[in-house]
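So the chains spell out like this:
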Amino acid sequence: MGKGIFIIGTDTDVGKTFVTAGLIYKLKENGYNAIAFKPIQSGGILSADKKTLIPPDIKYIKEICDIEDEYSNMNTYCLKEEVSPHLAARIEDRNISKEKIINHYKSLLDNYDYVIVEGAGGIVVPLIDNDYFIYDLIKDLNLDVLIVAKAGVGTINHTTLTAEFLKQKNIKSKGIVINQYNDKFYEKDNIKVISKLTKLDIVHKIKNIENPTVENIKSEYRDLDLEKILNLFN
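Residues numbered from 1 in each chain as written. Predicted model: local features only at pLDDT ≥ 70, side-chain atom pairs only at ≥ 80, totals over all residues. Heavy atoms only, no water.

Draft legend 1. Layout of the overall build of the chain. For the chain, the helix and strand inventory stands at 10 helices and 11 strands. Taken over C-alpha atoms, the radius of gyration comes to 17 Å for the chain, in line with the 17 Å a tight globule of 234 residues would show. Principal-axis analysis of the C-alpha atoms gives the chain an extent of 50 × 40 × 35 Å. Out of the 234 residues belonging to the chain, those deemed buried represent 53%. Across the chain, every contact between residues at least 6 apart in sequence was considered, and the portion connecting residues at least 24 apart equals 76%. With an accessible surface of roughly 11,500 Å², the chain has 45% of that area assigned to carbon and sulfur atoms. (Helix = DSSP H or I, 4+ residues; strand = E, 2+ residues; numbered from the N terminus. Rg over C-alpha atoms; globule rule 2.2 N^0.38 Å. Buried < 20%, exposed > 50% of the residue type's maximum accessible area, 1.4 Å probe, protein only. Contact = heavy atoms within 4.5 Å. Areas by Shrake-Rupley, 256 points an atom, 1.4 Å probe, with all protein chains shown as cover.)

Laid out in structure tokens, this is it:
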């Protein structure tokens, strides 16, 4: 049976998908059978034949990591509206089943060495109205988390609150990836303060990249120790 980790962001658009793609790329490059799993995707895009919705985050990961799996193998629900999943599901009259997501994840564990689960937005995003949140799903999947945070102004507050909330929910954090890093003096201080306040390992720093490509992925993850990635799953 495989192992999993949940990628959670401190906010929307902090770079969860880029981090997920990088980890998958690094694992596959080293011979591991790894897959990304996006339980719920809002903001789906129409396929070329305009008959189905495609999850853009999974599309990106498939292209970057040269994954041939069907979208349905990597995504349980794809919703059209680019809003919180619970609201998108309500607008589109879709019923989200947590049991379906859990069973989907378990089936991936049976077929892959590593499964990297990417959340939607931050830790308190509702998935099923106001009854079931991202943190509930993490607990039901029995997963530890890797936090993705921005380097810039505001990140101390967002990252520390996320880490503290996870502690309150008895969810273990395995570390933090800092994204959109520009080597500014205040970013360096942000990272020091975050590390001190959260007592979490800064797993990796990723520079600010406007148009992530395969070459960017290779460059940004070239110096990341494979052992650090594997330790996320232990």
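Draft legend 2. Just the pattern of salt bridges, in detail. All chains considered together, the criterion is met by 7 salt bridges. Ionic pairing is found between E164 and K167, a salt bridge with its closest N-O pair at 3.4 Å. You can see E164 and its partner K167 sitting in helix α7 (residues 155-168), 3 residues apart, about one turn around the helix. Owing to a relative accessible area of 31%, E164 belongs among the partly exposed residues under this scheme. A cluster of three or more residues bridged by salt bridges with shared partners is formed by K38, D57 and E118. (Salt bridge = Lys/Arg side-chain N within 4 Å of Asp/Glu carboxyl O.)

Draft legend 3. Representation of the packing of aromatic side chains. Scanning the model with the defined rule gives 7 aromatic pairs in all. Both rings, one in Y114 and one in F233, keep their centres 4.4 Å apart while their planes meet at 45°; by these two values the pair is tilted. Of this pair, Y114 sits in strand β6 (residues 114-118) while F233 sits in the segment after α10 (226-231), placing them 119 residues apart in sequence. The exposure classification of Y114 matches that of F233, with both residues buried. Looking at K62, its charged tip hangs above the ring of Y71, at a distance of 5.1 Å from the centre. It is K205 that lies over the ring of Y181; its NZ or CZ is 5.3 Å from the centre. (Phe/Tyr/Trp six-rings, centres within 6.5 Å; stacked < 30°, edge-to-face > 60°. Lys NZ or Arg CZ within 6 Å of the ring centre and 35° of its normal.)

Draft legend 4. Region of interest: the sheet that holds strand β1 (residues 3-9). An order of β5-β2-β6-β1-β9-β10-β11 is seen for the 7 strands of this open sheet, with the pairing classed as parallel. Every interior strand has two partners, whereas the edge strands, β5 (75-78) and β11 (202-207), have only one. Sheet twist, expressed as the mean angle between neighbouring strand axes with direction ignored, is 25°. Where strand β2 (residues 34-41) and β6 come together, 4 bridges link them in parallel fashion. Directly across from A34, in β6, lies its bridge partner Y114. Of the strands in this sheet, β10 (173-181) and β11 are in contact with helix α8 (residues 185-198), which crosses β10 at around 170°. (Pairing = 2+ DSSP bridges. Axes fitted to C-alpha atoms, helices over the stretch in contact; angles between N-to-C directions.)

Draft legend 5. Representation of the environment of T52 in the model. In this fold, T52 is placed in the loop between β3 (45-46) and β4 (53-54). For the pair T52 and C78, spaced 26 residues apart in sequence, the C-alpha separation works out to 9.5 Å. Leaving out residues up to four positions away in the same chain, T52 has contacts with I45, L46 and S47.

Draft legend 6. The pairing of β2, seen in detail. The element β2 is extensively covered by neighbouring structure, given that 8 of its 8 residues are classed as buried. Here β2 pairs with β5 via 3 bridges, running parallel. Each residue of the ladder has a partner; that of Q41, found in β5, is C78.

Draft legend 7. Structural detail: the pairing of β6. Of all 5 residues that make up β6, 5 are buried, and the element is covered over most of its length. Alternating residues of β6 divide into Y114, I116 and E118 and V115 and V117, and every residue in both groups is buried. Examined bridge by bridge, β1 and β6 share 5 bridges and lie parallel to one another. From the neighbouring strand, K3 faces β6, where its bridge partner is Y114.

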